[in-house]
Amino acid sequence: VYTAKEFDYDLNSPLGQLRSSQINKGYGVLCKINEILLTQRNNMNKLSGLTSKYYTIIPHSFGHRLPPIINNLKRMHREIELIETLKQMLITNKILNKRNKRKNPIDTHYNALHCDILPLSEYSTNYQMITKAIKQTHASTHNGYALKVYDIFEIERKNSK
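None of the values given here were measured: they were computed from a predicted structure.

A. Quick look at the confidence of the model for the protein. Of all residues in the protein, 86% have pLDDT values of 70 or greater, and the mean over the chain is 83. Within the model, the stretch residues 1-5 combines pLDDT values under 50 with eight contacts to residues more than four positions away or in other chains.

Listed below in structure tokens is the structure:
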């Protein structure tokens, strides 16, 4: 089992921009490469052209290395495994996006950080201290309006106490 980095997949390419049609096109190119590998193994011109087309469709990151030509079954199967992984990630991403649309986006982000937003009791020491600080920092020159505290919340991160 490979990680995305080991597949040389470009992790900076947002998965949300990768479409199912792109993944299917990439798979189609791999099928053509497979056909050539099985019938015309030494046709490096065709393999090189199809490999370049595949890397254009499915973003990869090779750093300063030359992109390797998909010229053997082992490499080709590795790319098919990447395609299957990307399909699974795309499906998972769609499911999560549908589920998260029902929630407030801010709540979704706090949940992702494993944080709870809890209201402070107006009788707690922290609530009283914050309320007092707000009243004492309201300058007399700002007499055109008054500050009123409605709610104060604390953020509690799981496993950080």
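B. Here's a closer look at helix α2 (residues 44-57). Helix length check: α2 (14 residues) gives 20 Å between terminal C-alpha atoms against 20 Å at 1.5 Å per residue, within 8%. What α2 keeps buried is the set L47, L50, T51, Y54, Y55 and I57. Down the axis of α2, the sector holding all buried residues measures 155 degrees, keeping them to one side. Every exposed residue of α2 that faces more than 90 degrees away from the buried side is listed here: N45 and T56.

C. Region of interest: the packing of aromatic side chains. Applying the stated criterion across every chain yields a total of one aromatic pair. Considering the side-chain rings of Y54 and Y55, the 5.7 Å spacing of their centres and the 50 degrees angle between planes classify their relative orientation as tilted. For the pair shown, Y54 and Y55 are each scored as buried. Over the face of the ring belonging to Y27 we find K87, whose NZ or CZ atom lies 5.4 Å from the ring centre. A cation over an aromatic ring shows up here: K148 above the ring of Y150, its NZ or CZ 5.4 Å from the ring centre.

Reading the values: rules and limits
Counting restarts for each chain, with residues numbered from 1 along the sequence as it is written. Selection of residues for local features in this predicted model requires a pLDDT of at least 70, selection of side-chain atom pairs for listing and counting requires 80 or more, and totals for whole chains, interfaces and linings are taken over all residues. For side-chain calculations, the full set of non-hydrogen atoms in the structure is used, while hydrogens and water are omitted. Every residue gets a pLDDT, meaning the predictor's confidence in that residue, from 0 to 100. Two residues qualify as a contact provided that any one of their heavy atoms is within 4.5 Å of a heavy atom in the partner residue. Counting from the N terminus, the helices are the DSSP runs of H or I reaching at least four residues and the strands are the DSSP runs of E reaching at least two. Residue count minus one, scaled by 1.5 Å, sets the expected span of a helix. With a 1.4 Å probe rolled over the protein chains alone, any residue whose accessible area is under 20% of its type maximum counts as buried; one over 50% counts as exposed, and the rest are partly exposed. In this context, the arc is that of the directions from the helix axis out to the C-beta atoms. Only Phe, Tyr and Trp rings are paired, with Trp represented by its six-membered ring, and only when their centres lie within 6.5 Å; those with planes under 30 degrees apart are stacked, over 60 edge-to-face, the remainder tilted. Only when the NZ atom of a Lys or the CZ atom of an Arg is both within 6 Å of the ring centre and within 35 degrees of the ring normal do we say a charge sits over the ring.

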